[in-house]
Amino acid sequence: MSLVFAGITPHSPLLIPDIGKEQIEKLQDTVTALNSMEQDLYIAKPDILFILSAHGSFFEDAFTVNGGASIQSNFEKFGDLSTRREWTSAPNFAAQISHEARIHDIPVRVVNQTQVDHGVSVPLFYLTNHMPNTKILTIGYSDLDAKTHLNFGALLKEVIMSSDRRVAVIASGDLSYVTEDKHNQDAAKIFDTSLIDVLQTHNTVGITKLDHDVCNESGECIYLSALI
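The structure reproduced in this document is the subject of the present report.

Calculation criteria
- Residues numbered from 1 in each chain as written.
- Predicted model: local features only at pLDDT ≥ 70, side-chain atom pairs only at ≥ 80, totals over all residues.
- Heavy atoms only, no water.
- Core = buried A, V, L, I, M, F, W, Y, C linked by side-chain atoms within 4.5 Å.
- Buried < 20%, exposed > 50% of the residue type's maximum accessible area, 1.4 Å probe, protein only.
- Helix = DSSP H or I, 4+ residues; strand = E, 2+ residues; numbered from the N terminus.
- Salt bridge = Lys/Arg side-chain N within 4 Å of Asp/Glu carboxyl O.

## Describing the nonpolar core
Now for step 1: Of all hydrophobic cores here, the largest spans 39 residues; its most connected members are Phe50, Ile97, Phe152 and Tyr223.
Now for step 2: Top element by residues in this core is helix H5 (residues 146-161). It accounts for five residues.

## Quick word on unusual backbone geometry
Now for step 1: Even without being glycine, Lys21 reaches a positive phi, approximately 50 degrees.
Now for step 2: If you trace the backbone, Lys21 turns up in the loop between helix H1 (17-20) and helix H2 (28-44).
Now for step 3: A relative accessible area of 56% places Lys21 in the exposed class.
Now for step 4: For His202, which is not glycine, the phi torsion reads 55 degrees and is therefore positive.
Now for step 5: Mapped onto the elements, His202 comes out in the loop between helix H6 (182-200) and helix H7 (204-208).
Now for step 6: Taking the relative accessible area as the measure of exposure, His202 reaches 69% and is therefore exposed.

## With respect to the pattern of salt bridges
Now for step 1: According to the stated counting rule, one finds three salt bridges in the structure shown.
Now for step 2: Across the pair Asp47 and Arg165 runs a salt bridge whose closest N-O atoms are separated by 3.6 Å. Of the two residues, Asp47 is situated in the loop between H2 and strand E2 (48-53) and Arg165 in the loop between H5 and strand E8 (166-172); the sequence distance between them amounts to 118 residues.
Now for step 3: Note that Arg109 and Asp61 form a salt bridge whose closest N and O atoms lie 3.3 Å from each other. Within this pair, whereas Arg109 is found in strand E6 (residues 108-111), its partner Asp61 is found in the loop between E2 and strand E3 (63-66), the two being separated by 48 residues in sequence.
Now for step 4: Its relative accessible area of 34% is what places Arg109 among the partly exposed residues.
Now for step 5: A residue is classified by how much of its surface remains accessible, and Asp61, at 43% relative accessible area, is partly exposed.

This is how it looks when you write it as structure tokens:
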């Protein structure tokens with residue numbers, strides 16, 4: 001059945017009720033959007049969910065796919081000692097992606113990561129409540145150039161479209177982190193506006209041409225996931 005769903009999600013730990021607490025009210029629009037996405041994802045009934053994260057295993061010169069059998073999350077580093085989840089992974093898909101990457105000369109490393117980061121666990125907290133049997137494959141980007149990230153995305157598409165499983169893809173990341181610094185604020189506004197525009201217009205070429213310095217100065221962590 002191939003690709004059945006794709007989306008982009010934020011991953012602030014404040015979205016977890018026991019962490020955000022009273023701050024959750026300020027994020028209600030985001031919570032509502034995630035709940036709506038969860039309903040759409042449930043209707044799509046994916047067998048496998050690929051999730052691209054900004055904060056997992058990272059190598060400058062290679063993408064990563066998680067070849068472990070299962071993943072777990074907790075939020076102890078954010079002061080929440082009770083919220084824990086566990087999901088089954090998709091090591092067969094990890095192996096297939098690694099194989100195809102070698103054929104296409106795209107650097108990919110298979111890692112065995114049991115404990116996942118908030119870039120994975122926050123979206124999954126909202127999106128998998130009614131999908132206990134959906135397997136999760138975590139994927140990490142690299143420090144390689146934009147075209148290589150786009151090529152890696154094309155490779156993932158080939159793997160997905162050749163499969164008889166129903167696959168969903170989630171790009172996890174946040175827009176700019178605005179600070180008191182005026183220079184950062186300018187970069188943040190340019191980045192957020194530019195990325196939203198190219199996504200809304202499905203401008204694949206345009207997304208590869210976003211200014212690299214603006215991306216760095218804005219403090220974002222969604223661009224490379226979105227590229228893939």
